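# Fold and geometry: a report
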Amino acid sequence: MSAPYTRTTHSHDGDLVVFHIGMVVRKPHRPDLWLPVFIAMPRMIAELERNKAAAARGEAQDLGFLGANTMVGAKGPTVLQWWRSTEQLYAYAGSTDNAHLPAWRAFNQSVRKSPGAVGIWHETYAVRAGAVETIYGGAEGVGLGGIVGTVPVERRGRSARERLGSRVA
């Protein structure tokens, strides 16, 4: 017997930062140039997940990372991350104690040696509390809801317009 069809929405309250980061491989025949960039991200995500677990146990300072999903498309891999604040995202990115800054420096050195072999990009969206609308219809465990958990959709409103309130453009 299959599970009943349910409609839920994300459980996160408060501001949210959505961070997209990806890479574009321009010289696929040169993995020596792009593979180090490719493997740096899983290391950072693992570091952030370890920190999140340790912070939940009270053993580490919370870096503000909520979670991430990795996708692979025609133009390369993309990681979609959720953070509590831009301040926490920027603090992680600039910290000498974490994996990002050494990876960023290594990338910049590599790019100078072989321009055009690999490109990276990122986009940061700072989202005010209440300005996120989600619905999961029998699809729990994905997107923001998969990261922070879900609640019955009625808690935020039955329609997308209700869930966004007056913020609908």
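Up top you'll find the structure we're talking about.
Residues numbered from 1 in each chain as written. Predicted model: local features only at pLDDT ≥ 70, side-chain atom pairs only at ≥ 80, totals over all residues. Heavy atoms only, no water.

### What to know about the overall build of the chain
In plain terms, the rule: Put simply, DSSP H or I for four residues or longer makes a helix, DSSP E for two residues or longer makes a strand, and each gets a number counted from the N terminus. With a 1.4 Å probe rolled over the protein chains alone, any residue whose accessible area is under 20% of its type maximum counts as buried; one over 50% counts as exposed, and the rest are partly exposed. Throughout, a residue-residue contact means that at least one pair of heavy atoms, one from each residue, lies within 4.5 Å. In these tables, accessible area is a Shrake-Rupley quantity obtained with a 1.4 Å probe, and a residue counts as shielded only by the protein chains included in the view. Within this scheme the basic residues Lys and Arg register as positive and the acidic residues Asp and Glu register as negative, but His and the chain ends are omitted. Here the site of a charge means NZ on Lys, CZ on Arg, CG on Asp, or CD on Glu.
Helices and strands together make up the secondary structure of the chain, namely 5 helices and 7 strands. Each helix and strand of the chain, placed in order from N terminus to C terminus, yields the pattern β-β-α-β-β-α-α-β-β-α-β-α. With the C-alpha coordinates aligned to their principal axes, the bounding extent of the chain is approximately 55 × 40 × 40 Å. A burial count over the chain gives 37% of its 169 residues as buried. Of all intrachain contacts in the chain linking residues separated by at least 6 positions in sequence, the fraction that spans at least 24 positions is 70%. Accessible surface for the chain amounts to roughly 10,300 Å². Of this, 55% is attributable to carbon and sulfur atoms. For the chain, the distance from the average position of its 20 positive side-chain charges to the average position of its 14 negative side-chain charges is 7 Å.

### Observations regarding the packing of helix H1 (residues 31-56) against helix H3 (residues 100-113)
The line we're drawing: Angular values range over 0 to 180 degrees, each being the angle between N-to-C directions of two axes fitted as lines to C-alpha atoms, with helices fitted over their stretch in contact. Working definition: roughly parallel below 35 degrees, roughly antiparallel above 145 degrees, roughly perpendicular at 65 to 115 degrees, and oblique for all remaining angles. Ten residue types, Ala, Val, Leu, Ile, Met, Phe, Trp, Tyr, Cys and Pro, are classed as nonpolar, four, Asp, Glu, Lys and Arg, as charged, and the remainder, Gly among them, as polar.
In contact at an axis separation of 10 Å, H1 and H3 are set at 170 degrees when each is read in the N-to-C sense. With respect to H3, the element H1 is oriented roughly antiparallel. Two secondary-structure elements touch here, H1 through Leu33, Val37, Ala40 and Met44 and H3 through His100, Ala103, Phe107 and Ser110. The residue makeup of the contact of H1 with H3, split by class, is 6 nonpolar, 2 polar and no charged.

### Things to note about the nonpolar core
Nonpolar side chains in soluble globular proteins generally cluster together in the buried interior. Our working definition: What makes a nonpolar core is a set of buried Ala, Val, Leu, Ile, Met, Phe, Trp, Tyr and Cys residues whose side-chain atoms join them at distances within 4.5 Å.
Within the largest apolar cluster, 15 residues are counted, with the highest numbers of intra-cluster contacts made by Met41, Ile45, Leu48, Phe65, Val79, Trp83 and Tyr92. Residue assignment for this core shows that the elements contributing at least two residues are strand S2 (16-25), H1, strand S3 (65-73), strand S4 (76-83) and helix H2 (86-94). Beyond its immediate stretch of four places on either side in the chain, Ile45 contacts Phe65, Ala68, Val79 and Gln81. Val18, Leu66, Val132 and Tyr136 belong to the second-largest nonpolar core, a separate cluster that totals 9 residues.

### Points about H1
Here is the rule: Between the first and last residue of a helix there are one fewer steps than residues, each counted as 1.5 Å, and that sum is the expected span.
Compared with an ideal rise of 1.5 Å per residue, which puts 26 residues at 38 Å, H1 spans 38 Å between its outermost C-alpha atoms and is within 8% of the ideal. Of the residues making up H1, those classed as buried are Leu33, Trp34, Val37, Ala40, Met41, Met44, Ile45, Glu47, Leu48, Asn51, Ala54 and Ala55. Elements in contact with the buried residues of H1: S2, S3, S4, H2, H3 and strand S5 (118-127). Looking at the residues trailing H1, positive phi occurs at Gly58, about 80 degrees.

Purely geometric numbers; function is a separate question.
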